[in-house]
Each structure stands twice: as structure tokens, then as C-alpha cells.
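What follows is each chain in one-letter form.
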Amino acid sequence: MSEPDAAPARRELRIRKPYFDLIASGVKTVEVRVAYARMHKIQPGQDLDFVCGEERLPAQVVRVARYTSFEEMLENEDPIAIGGDLGKNPQELLAVIRSIYPPEKERLGVLAIGVQRSTP
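Heads up: these notes are all about the structure in this document. Source: prediction; values computed, not measured. Here, residues in each chain are numbered from 1, in the same order as that chain's written sequence. Local features in this predicted model are restricted to residues of pLDDT 70 or higher, and side-chain atom pairs are both shown and tallied only at a pLDDT of 80 or more, whereas totals for entire chains, interfaces and linings draw on every residue. Side-chain metrics rest on all non-hydrogen atoms present in the structure, leaving aside hydrogens and water.

This part takes up the overall build of the protein. Each helix is a run of H or I in the DSSP string that is no shorter than four residues. Each strand is a run of E no shorter than two, and both are numbered from the N terminus. Scanning the protein from N- to C-terminus turns up 5 helices and 5 strands. Traced from its N-terminal end to its C-terminal end, the protein shows the element sequence β-α-β-β-β-α-α-α-α-β. Just to be clear, the radius of gyration here is over C-alpha atoms, and the globule rule we use is 2.2 Å times residues to the power 0.38. Radius of gyration (C-alpha) of the protein: 14 Å, near the 14 Å computed for a compact globule of 120 residues. The dimensions of the protein, computed from C-alpha atoms along their principal axes, are 50 × 30 × 25 Å. For the exposure calls, accessible area comes from a 1.4 Å probe over protein chains only, and a residue counts as buried if that area is under 20% of its type's maximum, exposed if over 50%, partly exposed in between. Looking at the protein as a whole, 44% of its 120 residues are labelled buried. A separation of at least 24 residues holds for 71% of the contacts in the protein among residues at least 6 apart in sequence. In what follows, residue pairs with any heavy atoms lying within 4.5 Å of each other are defined as contacts.

When two rings of Phe, Tyr or Trp (its six-membered ring) have centres within 6.5 Å they constitute a pair, described as stacked for plane angles under 30 degrees, edge-to-face for angles over 60, and tilted for the intermediate range. Per the stated rule, a full pass over the model turns up 1 aromatic pair. Centre to centre, the rings of Phe 70 and Tyr 101 are 6.0 Å apart; their planes meet at 25°, and the pair counts as stacked. Remark: Tyr 101 occurs in the loop between helix H4 (90-100) and helix H5 (103-106) and Phe 70 occurs in helix H2 (residues 70-76); sequence separation between them is 31 residues. For the pair Phe 70 and Tyr 101, one class covers both residues: buried.

Now for H4. Taken together, the buried positions of H4 are Leu 93, Leu 94 and Ile 97. When H4 is viewed along its axis, its buried side chains cluster within an angular range of 100° and face the same direction. Of the residues in H4, the exposed ones pointing more than 90 degrees away from the buried face are Gln 91 and Ser 99. Contacts from the buried residues of H4 go to H2 and helix H3 (79-83). Picture the helix axis, draw a direction to every C-beta atom, and the arc is the one those directions span.

Fair warning: the whole summary comes from geometry, so function is off the table for now.
Have a look at this one:
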């Protein structure tokens, strides 16, 4: 008799304050990350803690989409759900994302992680 698959471990993601606040307010429902090998382990149903300084915000992964570039991601995802008001100008949002992740990181691929806040 085989054992059921264990739920993925709760994971912490460090995040900058403006984006932490957008998740806390419910505006930001898509977190963008470069597809580092360790990020490929994130999967729907997994519990996350977004961490900014001493603040923590529990959330759950509802979906994970993979893209080859930030442009492809922005063609397929809601920019407001990624950057709040900044998403009203997708080119400006793209510039901000690229200021965080340089081209050599983008070449690893892009993850759009759909999240919803949860209670601790």
C-alpha cells in the first residue's frame, strides 16, 4: 500500500514592502519570480509566508504559470494583479521588473505565481 503524497512544505518568500502591502490589500494576486531551480518546487496548494522585515503574510499558491520572458508573462497575466496601479502602464511595470531581475536572470525563465491571502 503506498502512502499519499505529502503536502509541499510551507515556504517563505522575501518581498519588497510596496508589493507586500499590495498582497496584504488583496490587489496583488500574482507574484513574479525568476525560475530558479528551487522555485520550480512551488506548486498549487502550497502555503507561503511573504516576509518583509519583521512582517509576515500567510498566503496559498493557487496556480503557477511558466513563461520564457517577462514580455510573454505580461501578455498573458493581468498587470494590475502583478503591480497594482503600476500595472496600468505595462511598459513601466516591465521596466520595474527588469530593474529587479537583470537579463541573465530572466533567461532562466519566469514564474507567475497566483496567490491568495490565507489566515495563519
